[in-house]
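Working through the structure, step by step
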Amino acid sequence: MAGNEWVNSYLEAILDVRPGPDDPKSSSLLLREKGRFSPTRYFVEQVITGFDETDLHRSWLRAAATRSPQERNTRLENMCWRIWNLARKKKQLEGEEAHRIAKRRLEHERGRREATADMSEDLSSEGEKGDSTNEISSHGGERMARIGSIDIMDKWASRQKDYKLYLTLISLHGLVRGENLELGRDSDTGGQVKYVVELARALGSMPGVYRVDLLTRQISAPDVHWSYGEPTEMLSPRNSEFSPQETGESSGAYIIRIPFGPRDKYVPKELLWPYIPEFVDGALSHITQMSKVLGEQIGGGRPVWPAAIHGHYADAGDAAALLSGALNVPMLFTGHSLGRDKLEQLLKQGRLWEEINAAYKIMRRIEAEELCLDTSEIIVTSTRQEIEEQWRLYDGFDRVLERKLRARIKRGVSCHGRYMPRFMVIPPGMEFCNIVHHDGDVNGEVERNEGKHSSTDPPIWSEIMRFFSNPRKPMILALARPDPKKNITTLVKAYGECHQLRELANLTLIMGNRDDLDAMSTTNAAVVLSILKLIDKYNLYGQVAYPKHHKQSDVPDIYRLAAKTKGVFINPAFIEPFGLTLIEAAAHGLPVVATKNGGPVDILRVLDNGTLVDPHDQHAIANALLKLVSDQQQWSRCRENGLKNIYLFSWPEHCKTYLSRVISCKPRGPKWQKHDNNSDSESDSPGDSLRDIQDISLNLKFSLDGEKSEGNATILEENSDDAKSNMENTVLTLARGVRRGTGKGMSTEKANEDIGSCDFSRFRKRKWIFVIAVDCNATATYIDIIKKIMEATRKEKAAGFILSTALTILEVHSLLTSEGLNLTDFDAFVCSSGSELFYPSSNSDDGPSGLPFAVDLDYRSHIEYRWGGEGLRKTLVRWAASINDKRDGESIVAEDDSGSSSYCFSFKVEDFDLIPPVKELRKLMRIQALRCHVVCSQNGRKINVIPVLASRVQALRYLFVRWGVDLSKFVVFVGECGDTDYEGLIGGAHKTVILKGLDGESRKLHASRSYPLEHVVPFDSPNVVQAEGSDVGSIKETLAKLGVVRS
């Protein structure tokens, strides 16, 4: 036991049974300090509670109750060692936490320096520090101005009347409906559900808003109400401050339920991740249909796309990012609670990382939140605390760098490809129209009704009043669940130890509902038990109310009762992310005392109706309460201020601020070079494919010398080495420069004419489209599987093919032509990991070795969002050089010019095992505010860095939006593993065939994943089937199971 004398001391004290003051063993350190040592109290209150190991508390109590002294001492000794090990573990975790924080800080500082150095080329001597008080806050938290009159609101409304916005909100988990919300039914159906429903309802009645869709999950499970299975529900407006706006057949606010995941089962949010692609595809179908309907009503025949897509919580944020990329519309995000913050808290409690990730799928959630930082134009938060204490934990956000970027944008200086979302603090709204303020005093009513209960009083009043020996006293009200973080025990201690406060006021604790302490969670039960003990310790009977039950509808009546007694509301939580109860209390005329940590700081700055206190200082809590209940002038002033300013937190005010931010976003949406006038044209033959359509997009065909030949034809000499060299150079030029413009000799105007003259209805009427997305490393195997898939499906006359690959268009051309495959057998080519989209040409003048490729220029608008361009490339080159320098200059990573293009920076990797994992490169880019999608392919020999919202599966969604190709008609072939974008290809509305025995060697690319594939891939989906092999027979058999071909 050398070096652990303190443990000897604890053991000595534990094994003693109530030592007397003269006992020689009282020389123990703790006995000298405290006079009497209670091992139960010490270890439970000081050690165990820090680990959320409340089962130890009960074990300790059972051990202490053992009758046999020998057995009791043995069990207590064993318990002591268990606790000691936990204490050691706590120290270890604290050290690891400090190391992680220090490492994160160094990474952000290094990234900030490098980003600043890159941007310093055109840096002027002023305006770049970003910490000037004159700068707009990086949090977007300008102080809200109070609405002075109805005239101001009317003027604002008149300015919005010309807008007819279509807004889309997404909230996936929980039970969502417009009326009779089942709040508290489970952890997924809480405040977020209420917030999004009321937000959608309020937005639907605002000037300038034509339609609001709240997209959520359709649930037809037997254990939930049938209303959650209804596909559409209209949200009837509440009382609005605005006069009715122009209405139409589809105007208003609606809940739209999209079926995804198991149809007959309620799924908690942690298990929804594999099914989100299915939701995205269903939502995409709904939005495109609705855009056409609204186009007929208010768009003059042109589709009306959402002005913004707003995701709520990480799962909906992930879906919103994909929808935003597919539709090229602005995205907003509200986290509600954040994964990194939760992870930090759980680690501090001593929970194991593996356990946390398995239970909460926390790393998948964090990655979704990082993606939201990459793609959102606006991040909406309720408080500054959420930004300063929670979002700062993320790789993609840095306050200092954000300020520098904001300063450069204001001055019109280039940010070198760096982007940061705008953070806006917009407190949640409330409905105040039904709140009744009572100015009367409760004393008179108590005297008149003493000894009898008034039938007009709410039943909850008598349930509370029965606790008090003197109900005339002002009521101190606390309303919170019995969670240690809510700090109710400190409030009770503060009240119990302040005799003057006890003389002046009663204390009411509304701590949720309970029947039996033993039936509660151990944490909540421990809090309630502690409070009951404190009540007994301070003899607070007749002064403290703690009713066991109340209904949600009782809460306004509880506030009213406290206001009638001229009481005070208190929120003493250690940290309060927002503090909606403070707004509710103020709306009922209650002054407040609140924690100084978190959202209450912003709320009280606006309302000016109370006092902020240190939640750890019980004397400060008691003094603040005492001052309000004893000083009637201050009480009245706080009450009046709260009632005067509370409408800043009304839904109209919330929506006014919200809509002003949405309107300020740069308008974006699907924009084609020319409107597709043939969208509804009938095809002559359903067997005709896109490859049979003349003049699609741009027919870019090059001659040997790169000049455009007459008739748009290209003549290549197969046997000429010069011709081959020129062909390669020409295709390389095409691959790298095609997005900068059209081929030489062809004007953009001509390209616009060509793309508008196409008839793509035949493409849309494909019965099936087979997407070959197998990532084979061996060329022979790759060609072999392509031929087998085409052989297995050759009897499907109305079928088409798409090749989806990490290869460049030059590599695809060389590969297919060398094996005798006809390019016109394919409808499209998704190349460079989804950053390029080409169609084959059918010009009769094309030679057998020609390059009849047409590039879809419209795809550019869908992938160029936040593309870092040359600034990103320079950073990647610097990253590659740093890796090589660590290997004494050995070329481990090198830029691949031939594989790069304007929207794909490619790097060759000599040894994948010698470079950091892909997630580290992605992290590095995010720290420097560079938004991109990093894909490792070819078994680790190649890295493609492409736009953040570009991918192979997003290219398929683009084909749906652009050409109307039904996503359910796609059949995607993949191997058992693949490139690092593999997970995106599995799941969704399309069907997936997993070919057994292919791409198994690519598993090493996924070895360093933050979360396993099982967390995100719906292997249980009926649309995902694994073939027994990769031969023609197995492929046919699998397609028959999917109903694609006849067995």
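Residues numbered from 1 in each chain as written. Predicted model: local features only at pLDDT ≥ 70, side-chain atom pairs only at ≥ 80, totals over all residues. Heavy atoms only, no water.

Okay, the pairing of strand β10 (residues 506-510) next. In terms of burial, β10 is a largely internal element, 5 of the 5 residues being buried. Taking every second residue as pointing to the same face, both faces of β10 are buried, with Asn506, Thr508 and Ile510 on one and Leu507 and Leu509 on the other. With 5 bridges joining them, strand β9 (residues 475-479) and β10 adopt parallel strand pairing. Across the sheet, the residue bridging to methionine 475 is asparagine 506, located in β10. (Buried < 20%, exposed > 50% of the residue type's maximum accessible area, 1.4 Å probe, protein only. Helix = DSSP H or I, 4+ residues; strand = E, 2+ residues; numbered from the N terminus. Pairing = 2+ DSSP bridges.)

The subject of this paragraph is the pairing of β9. Judged by how many residues are buried, β9 sits mostly within the fold: 4 of 5 residues are covered. Here β9 runs beside strand β12 (residues 568-571); their pairing, made up of 2 bridges, is parallel. Across the sheet, the residue bridging to isoleucine 476 is valine 568, located in β12.

Turning next to the nonpolar core. The nonpolar side chains of soluble globular proteins are, as a tendency, buried together. In terms of nonpolar packing, the biggest core is built from 129 residues, with Phe279, Ile943 and Leu959 touching the most fellow members. Among the elements that make up this core, the one with the highest residue count is helix α9 (residues 313-327) (10 residues). In this view, leucine 959 contacts Phe763, Ile802, Leu837, Tyr839, Gly964, Val965 and Phe970; residues no more than four positions away in its chain are not counted. Listed in part, the 69 residues of the second largest apolar core include Ala478, Ile488, Ala563 and Leu590. (Core = buried A, V, L, I, M, F, W, Y, C linked by side-chain atoms within 4.5 Å. Contact = heavy atoms within 4.5 Å.)

This part covers the sheet that holds strand β1 (residues 165-170). Strand order in this open sheet of 8 strands is β3-β4-β2-β1-β5-β6-β7-β8, and the pairing throughout is mixed. Sheet topology places β3 (232-235) and β8 (422-425) at the edges, where each strand pairs with a single neighbour. Geometrically, the sheet is characterised by an average inter-axis angle of 20 degrees between neighbouring strands, direction not taken into account. By the bridge criterion, 7 bridges tie strand β2 (residues 209-217) to strand β4 (residues 252-258) in an arrangement that is parallel. Looking at the pairing, threonine 216 lines up with arginine 257 of β4. Where helix α8 (residues 276-298) meets the sheet, it contacts β1, β2, β4 and β5 (308-312), and its direction lies at approximately 165 degrees from that of β2. Across the sheet, helix α25 (residues 651-664) is in contact with β1, β2, β5, β6 (331-334), β7 (378-381) and β8; its angle to β1 comes to roughly 110 degrees. (Axes fitted to C-alpha atoms, helices over the stretch in contact; angles between N-to-C directions.)

This part covers unusual backbone geometry. Even without glycine at this site, asparagine 328 takes up a positive phi of about 60 degrees. Topologically, asparagine 328 is positioned in the loop between α9 and β6. Of note in this structure, histidine 336 is not a glycine but carries a positive phi near 65 degrees. Inspection of the secondary structure puts histidine 336 in the loop between β6 and α10 (339-348).

So far we have only geometry, and geometry alone does not tell us how the molecule works.
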